[in-house]
Amino acid sequence: QGAVDPAHPVVGGPGDDVLEVDRHLLRHALVLDNSLGQATDGGVPVTAWGGFERFRLSPIGPWVPPAFVGGDGPERLWTSVPLTSVTLGGGDDALTLELQGRLVDGASYDGGGGDDSFALYAGAGDQARRVLLDLPGEHLRFRRDREAVEATLRGFEQHRLSAWRLDVTGSASADQLE
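This one's a predicted model, so the numbers in the text were calculated from it and none came from an experiment.

Each value, and the rule that gives it
Residue numbers restart at each chain and count upward from 1, following the sequence in its written direction. Note on the predicted model: pLDDT of at least 70 is required for a residue's local features to be given, and 80 or more for side-chain atom pairs to be given and counted; whole-chain, interface and lining totals, by contrast, use all residues. Excluding hydrogens and water, the side-chain values take into account all heavy atoms of the structure. By convention, a stacked pair of Phe, Tyr or Trp rings (six-membered ring in the case of Trp) has centres within 6.5 Å and planes under 30 degrees apart, an edge-to-face pair has planes over 60 apart, and any other such pair is tilted. Each residue is assigned to one of three classes by its accessible area relative to the maximum for its type, calculated with a 1.4 Å probe on protein chains only: buried under 20%, partly exposed between the two thresholds, exposed over 50%. Comment: the charge-over-ring label is applied if NZ (Lys) or CZ (Arg) is within 6 Å of the ring centre and within 35 degrees of the ring normal. Residues belong to a common nonpolar core when they are buried Ala, Val, Leu, Ile, Met, Phe, Trp, Tyr or Cys residues joined through side-chain atoms within 4.5 Å. Elements are defined by DSSP. Helices are runs of H or I of four residues or more, strands are runs of E of two residues or more, and each kind is numbered from the N terminus. Whether two residues are in contact is decided by their heavy atoms: any pair within 4.5 Å suffices.

Peer 1: Mind showing me how you'd approach the packing of aromatic side chains here?
Peer 2: The geometry of two aromatic rings is summed up by the distance between their centres and the angle between their planes. As enumerated under the stated definition, the model contains 4 aromatic pairs in all. For the ring pair Tyr-109 and Phe-118, a centre distance of 5.9 Å and an interplane angle of 50° mean the geometry is tilted. Per residue, the accessibility class of Tyr-109 equals that of Phe-118, and both read buried. Clustering of aromatic rings is evident, with ring pairs tying together Trp-49, Phe-55 and Phe-68. The aromatic ring of Trp-78 is capped on one face by Arg-56, whose charged end is 3.8 Å from the ring centroid.

Peer 1: Looking at this structure, how should I read the nonpolar core?
Peer 2: Core analysis: the biggest nonpolar cluster contains 37 residues, and Leu-95, Leu-97, Leu-103, Tyr-109, Phe-118, Leu-120 and Leu-140 have the highest contact counts within it. By residue number, the principal contributor to this core is strand β15 (residues 147-154), which donates 3 residues. Sequence-distant contacts of Leu-103, that is, excluding residues within four places in its chain, are made with Pro-82, Leu-97, Tyr-109, Leu-120, Leu-140, Phe-142 and Val-149.

In structure tokens, the structure reads:
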């Protein structure tokens, strides 16, 4: 916890390491870039890391939606805040959005290469009234109460969705849906 000098990165060891981003760090519109091993605010590095495969974004207090860029290896990204964009690299990656609020309107989620999974949980009691997923159209619509937001979704081979109502348009491929 606390500020990390980007000149002195946090380094994970061998095995499966988790970098948790919480507290004050998400109070700015950060770009968390695992390919570079750094988080930037307006292009200025604010923290650095290396050797992490799993990321957990769970702020306490005020936050601003961040963006995430993945590296070449397999990554697991879990977040309780919506993201403006996710671009995962090669590797078998997993993105889990466990939101208490809603998605960012106009967000984009790209699984990249590999065998990637996307999960969207709409909060306690599945507060999303309706989720529409159009796999061939790379389109995701998330409606809560009277508000709806839309996002681009591509490059994921497995999908796990939770809402009161799900409308899914499958592709010509063997889609994996839960």
